[in-house]
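Letter by letter, the chains look like this.
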Amino acid sequence: MTHQISNTISKRHFLQSIGMIGGSTAVYAAMHGLGMAHASSMTSPPKVNNDGEGKSVIILGGGIAGMVSALELSKKGYKCEILEARAFSGGRCQTARNGTIIEETAGETQVCRFDNKQYLNIGPWRIPAEHKATLHYCNTLGVKLEPFINKSPQAYYYSDKIDGPLNGKPIRQIEAEIDRAGNIAELLAKSTLAGKLDENFNIDDQERLIEHLRGTGLLDSKELNYRANRARGFEEYPGNGVDMGKLSEPYDFKELLKLKVGTMYDLADHPPVMFQPVGGMDQIAIAMQNNLPHDTIKHNAEVIKIIQNEDDVEITYIDTKSKAEKAARADYCISTIPIPIVTRTENNFNPELLDALKTAGSGPGLKLGLQMTSRFWEKEEMIYGGMSYSDNKDTMMTAYPSSDLHGNSGGIILGIYATFGDAVRVSNKSIDERNEIALTIGEKLHPEKFRKYYSGKAISKAWHKDKYALGAGSGWISPRSMTKNLPPILKGDKRVLFAGDSYSFFNNAWMTGAIESAWHTIVELDKRVVSVGD
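Throughout this document, residue positions are counted from 1 along each chain, in the order its sequence is written. Local features in this predicted model are restricted to residues whose pLDDT is 70 or higher, and side-chain atom pairs enter the listing and the counts only when it is 80 or higher, whereas totals over whole chains, interfaces and linings include all residues. No hydrogens and no water enter the side-chain calculation; it runs on all heavy atoms of the structure.

A. Structural view of the sheet that holds strand 14 (residues 301–308). Strand order in this open sheet of four strands is 16-15-14-18, and the pairing throughout is mixed. If you trace the sheet from one side to the other, it starts and ends with strand 16 (325–330) and strand 18 (346–347), each paired once. Two strands qualify as a pair provided that DSSP identifies no fewer than 2 bridges between them. Helix numbers and strand numbers start at the N terminus; a helix is a DSSP run of H or I with at least 4 residues, a strand a run of E with at least 2.

In structure tokens form, the structure reads like this:
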């Protein structure tokens, strides 16, 4: 019997309940199950009807949302000025390479010393094909893309928190996944033959199911037992002539079930192959800046006050180089400043809007990259791109670079990718202690290799300790809070509108969220100009 959601319990309320329990990831997974989630249909900027007629717009923040707003409005004759607190554009779209300086609010300063022109994307680092808005600007602005390998079958799962023979043993993902699938296929086939599925499948259905399971190549065709197979791979590879090699033997299924790492499927927007810009993710920000009208962006301009009137808006900012206080005035303002920053900035927003902004939370995040002198993971272990996973609480994954595959100059491994409480805990340690955590985890995955090939050069970025971000992202945990508080923000105030990935619930912390939010906001601003008629 197929269970469906009753009309008396709406899908919206069902999703809200899931959100309160499992957060936005659980909601997104549920939406896929209900057929409600899909890639955005927005493939290019919306049409802006008004010609701008010289109307001026101050855009707060030179990240992706701010620059997209300026790019599209400038095309229609709006006079745009971007005030950016940092000395460079891009917001969280940053790449650490030789010479990059990272300063944290606690006073810790790092200088990246990676050589061989290698880099680490410390903000966004991958682009799925679903994110057509991001791909639009890569294509139109000439940002060259290359494959980002999101999953490598030869990478590892690891746990030292289970008992039995698999404890502390790096396990190839392909082996664990084929063993899981093969054993489940065997159980399903034998249950079918024993008549356990009679209530759900008629004889024809059962025969087709058995035929399908045989066709996977995981079961022997007669007894339907799972056994060593070529999908799982070889322990000893075949050689010349009649050397047939030796297939690798499956793990004991009961022992494998103890391993909880790698059991959850990736979401649809995390496919095995994605995209990344050649040379670093910041190439997108650089291309956007280069395509703006000259002198659109004013760097080192830290906004301290936003005051709107009936007819215009005045922004007060500090020139962080000269320390001088300055002012800028325009007809309208689009704020793309992260929510934790804008709510701490002096303003005269209406109370409903300000209260709604203050309900958003901020998500801590930390990335740490280590430079290796040899690409041992490729040449010795056949891992090309992808990630290894462990149940170590200090990191979500250990990720291998997708660029310069099989090169001779080593590469940068993402040794720590931590979020929320894990990110806070790791970031509260010294830089040396952070590096040691990454080395310890890496050595468990790659015994006698990880430390051996470590160059001694590393860099880490704790986004919640970035003065101009205070988080890797911000937004609402539950659909209920989002549904209540996002509308007044999207509506904006008299002369102030908002844009940024934070205002895109399911694309929060993705560049496509920032872009599509900017597209929405420029349409709203254009409507406002027409309706006001000034």
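B. Fine view of the side chain of Thr395. Structurally, the position occupied by Thr395 is in the loop between strand 21 (387–390) and strand 22 (398–399). The class for Thr395 is buried, based on a relative accessible area of 6%. Under this definition, polar contacts are N or O atom pairs within 3.5 Å; protein pairs additionally need one hydrogen-donor-capable and one acceptor-capable atom, and for neighbouring residues in sequence, both atoms have to be side-chain atoms. Separated by 2.8 Å, the side chain of Thr395 and the backbone oxygen of Met397 make a polar contact. Of note is the side chain of Thr395, whose polar atom sits 2.9 Å from the backbone nitrogen of Tyr417. Between buried and exposed lies partly exposed: a residue is buried under 20% and exposed over 50% of the maximum accessible area for its type, with that area taken using a 1.4 Å probe on protein chains only.

C. Focus on helix 2 (residues 64–75). Multiplying one less than the number of residues by 1.5 Å gives the expected span of a helix. Given a rise of 1.5 Å per residue, twelve residues ought to cover 16 Å, and the 17 Å separating the end C-alpha atoms of helix 2 matches this to within 8%. Among the twelve residues of helix 2, ten are classified as buried, and the element is accordingly described as predominantly covered. Turning to helix 2, its buried residues are Ile64, Ala65, Gly66, Met67, Val68, Ser69, Ala70, Leu71, Glu72 and Leu73. Within two residues after helix 2, Gly77 carries a phi angle of roughly 95°, on the positive side.

D. Local environment of the nonpolar core. Note on terminology: a nonpolar core comprises buried Ala, Val, Leu, Ile, Met, Phe, Trp, Tyr and Cys residues joined through side-chain atoms within 4.5 Å. The biggest cluster of nonpolar side chains holds 41 residues, and the ones touching the most others in it are Val57, Ile64, Ile284, Met288 and Leu525. At the level of secondary structure, the elements contributing two or more residues to this core comprise strand 1 (56–60), helix 2, strand 2 (79–83), helix 3 (132–140), helix 7 (282–290), strand 17 (332–335) and helix 14 (511–532). Per element, the largest residue contribution to this core is nine residues, and it comes from helix 14. For this analysis, residues touch if any pair of their heavy atoms sits within 4.5 Å. When neighbours within four sequence positions are excluded, Val57 is seen to be in contact with Leu73, Tyr78, Lys79, Cys80, Glu81, Ala330, Tyr332, Ile334 and Leu525. Core analysis: the second largest hydrophobic core is formed by 31 residues, Leu60, Val303, Ile341 and Tyr503 among them.

E. View of the packing of helix 2 against helix 7. Note on geometry: axes are C-alpha line fits, over the in-contact stretch for helices, and angles between N-to-C directions span 0 to 180 degrees. The geometry of helix 2 relative to helix 7 is characterised by a closest axis approach of 10 Å and an angle of 30° between their N-to-C directions. The angle between helix 2 and helix 7 falls in the class roughly parallel. You can see that helix 2 and helix 7 cross each other, and the crossing is left-handed. On the side of helix 2, the interface is formed by Ile64, Met67, Val68 and Leu71, while helix 7 contributes Ile284, Ala285, Met288 and Gln289. Classifying every residue of the contact of helix 2 with helix 7 gives seven nonpolar, one polar and no charged. Each angle is binned into one of four classes, with values under 35 degrees roughly parallel, values over 145 roughly antiparallel, values of 65 to 115 roughly perpendicular, and all other values oblique. Crossing handedness is read from the near helix: turned anticlockwise from the far helix by less than a right angle, it gives a left-handed crossing, and turned clockwise, a right-handed one. Residue polarity is assigned by list, with Asp, Glu, Lys and Arg as charged and Ala, Val, Leu, Ile, Met, Phe, Trp, Tyr, Cys and Pro as nonpolar; anything else, Gly included, falls into the polar class.

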